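Residues per chain are reported as follows:
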Amino acid sequence: FLYDASYYGQPSRFTSQPVRLPVPRGSQPTSGYERAEYRDFTTNLGGPLVRDRLWFFAGYQYVRDSDSQPGTDPRFPRVYKQDKLFAKLTWRLSPGLQLMQSVHQEFWSNPDRPTLVTPFEATAQHRASIPSITFGQLMHTLSDRTLWEARVGRFVSLRDDEPSTGNGTIANRLDRATGTSSGAPPQIGGTDLFRTTAKAMLTHYQSTTLADHHWKAGMQTEIAEHTQAQVIPTGVRFVDNGDQPFQSVSRVPAVNGGKSITLSTFA
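These remarks concern the structure in this document. None of the values given here were measured: they were computed from a predicted structure.

**Some remarks on the overall build of the chain**
Consideration 1: A count of helices and strands for the chain gives 0 helices and 14 strands.
Consideration 2: Beginning at the N terminus, the succession of helices and strands in the chain can be written as β-β-β-β-β-β-β-β-β-β-β-β-β-β.
Consideration 3: Expected size for 267 residues packed as a compact globule is a radius of gyration near 18 Å; at 26 Å, the chain overshoots this value by more than 25%.
Consideration 4: By principal-axis analysis of the C-alpha atoms, the chain measures approximately 80 × 45 × 40 Å.
Consideration 5: The proportion of buried residues among the 267 residues of the chain is 29%.
Consideration 6: Of the contacts formed within the chain by residues at least 6 apart in sequence, a portion of 62% connects residues at least 24 apart.
Consideration 7: In the chain, which carries 28 positive and 24 negative side-chain charges, the distance between the mean positions of the two groups comes to 4 Å.

Pasting the structure below:
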């Protein structure tokens, strides 16, 4: 059995402080990058479950990263979060037959970064769950020259985009003269992706007096689909030119998507 763990952290006091300058239109009177926290922890464990027959591996990663850009309010830093888990089984079913199975799960929260022209309330919060699994990857060694393998897997990504404040009842306003955004983010929604793939392949090595040949042949099928929701908070957003209204953009909530089924062969 093998085990390892690591940790890296960087608090605010270990981040060099920049030279501060006045920021006339910022939410803070002066500039200055602020590191709230950074933490990265990983751990892994692996070894045999059945001697010379079955092995396992498992890993986990924890990441938290919070910072504030110059000219923004340090009370509302960008808070990035990520958790990753991975597990794998490797089976030796016979001397020439091996099966691998794995699962990966990832959770993350990746909000827009507040800037001088985009305050916290005008940013969106992006959250996702991304599971992917190898149901099985089977490899059979028929001889020292020939083997075949088959693999079936699935990938899913479920993402939500929401206002960072949780309030979607405020319209977004963009001042094109200064590039400053206010109110809610201009668009929220979500995107879901699904992909299932199956593949089989035969490999043969042939050596002759004239040349060596590496033959491969196989087939693959895939089912993929996605759906995407797009929503303008309150149904309308506004574009101003300084103190003068310039444009309004409106749209009802919309959902689009697609699906494909493909089959291919190769040699």
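Here the narrative resumes, following the displayed structure.
**Structural notes on the environment of Thr221**
Consideration 1: Structurally, the position occupied by Thr221 is in strand β11 (residues 212-231).
Consideration 2: Given a relative accessible area of 30%, Thr221 falls into the partly exposed group.
Consideration 3: The sequence separation of Thr221 and Pro114 amounts to 107 residues, and the corresponding C-alpha distance is 43 Å.
Consideration 4: Setting aside anything within four residues of it in sequence, one finds Thr221 in contact with Thr196, Thr197, Ala198, Thr262 and Leu263.
Consideration 5: Here Thr262 takes part through its backbone oxygen, which lies 3.1 Å from a polar atom of the side chain of Thr221.

**Considerations on the sheet that holds strand β6 (residues 124-141)**
Consideration 1: Strand order in the open sheet formed by 10 strands is β1-β2-β3-β4-β5-β6-β7-β10-β11-β14, and the pairing between neighbours is antiparallel. In this open sheet, the two strands that pair with only one neighbour each are β1 (2-9) and β14 (254-266). Within the sheet, the average angular offset between the axes of one strand and its neighbour, ignoring direction, is 5°.
Consideration 2: With 15 bridges connecting them, β6 and strand β7 (residues 146-163) associate as antiparallel partners. By the bridge assignment for β7, Ser132 is matched with Phe155.

**As for the pattern of salt bridges**
Consideration 1: As enumerated under the stated definition, the model contains 8 salt bridges in all.
Consideration 2: The shortest N-O distance in the salt bridge between Glu162 and Arg127 comes to 3.2 Å. Residue Glu162 is located in strand β7, and its partner Arg127 is located in strand β6; the two are separated by 35 residues in the primary sequence.
Consideration 3: Residue classification places Arg127 among the partly exposed residues on the basis of a relative accessible area of 41%.
Consideration 4: Linking Asp161 and Arg159 is a salt bridge whose minimum nitrogen-to-oxygen distance equals 2.9 Å.
Consideration 5: Taking relative accessible area as the criterion, Arg159 reaches 30% and is therefore assigned partly exposed.

What counts and what doesn't
Residues numbered from 1 in each chain as written. Predicted model: local features only at pLDDT ≥ 70, side-chain atom pairs only at ≥ 80, totals over all residues. Heavy atoms only, no water. Helix = DSSP H or I, 4+ residues; strand = E, 2+ residues; numbered from the N terminus. Rg over C-alpha atoms; globule rule 2.2 N^0.38 Å. Buried < 20%, exposed > 50% of the residue type's maximum accessible area, 1.4 Å probe, protein only. Contact = heavy atoms within 4.5 Å. Lys, Arg positive; Asp, Glu negative; His and termini not counted. Charge placed at Lys NZ, Arg CZ, Asp CG, Glu CD. Polar contact = N/O pair within 3.5 Å; in protein donor to acceptor, adjacent residues only side chain to side chain. Pairing = 2+ DSSP bridges. Axes fitted to C-alpha atoms, helices over the stretch in contact; angles between N-to-C directions. Salt bridge = Lys/Arg side-chain N within 4 Å of Asp/Glu carboxyl O.

That is the geometry; function is a separate question.
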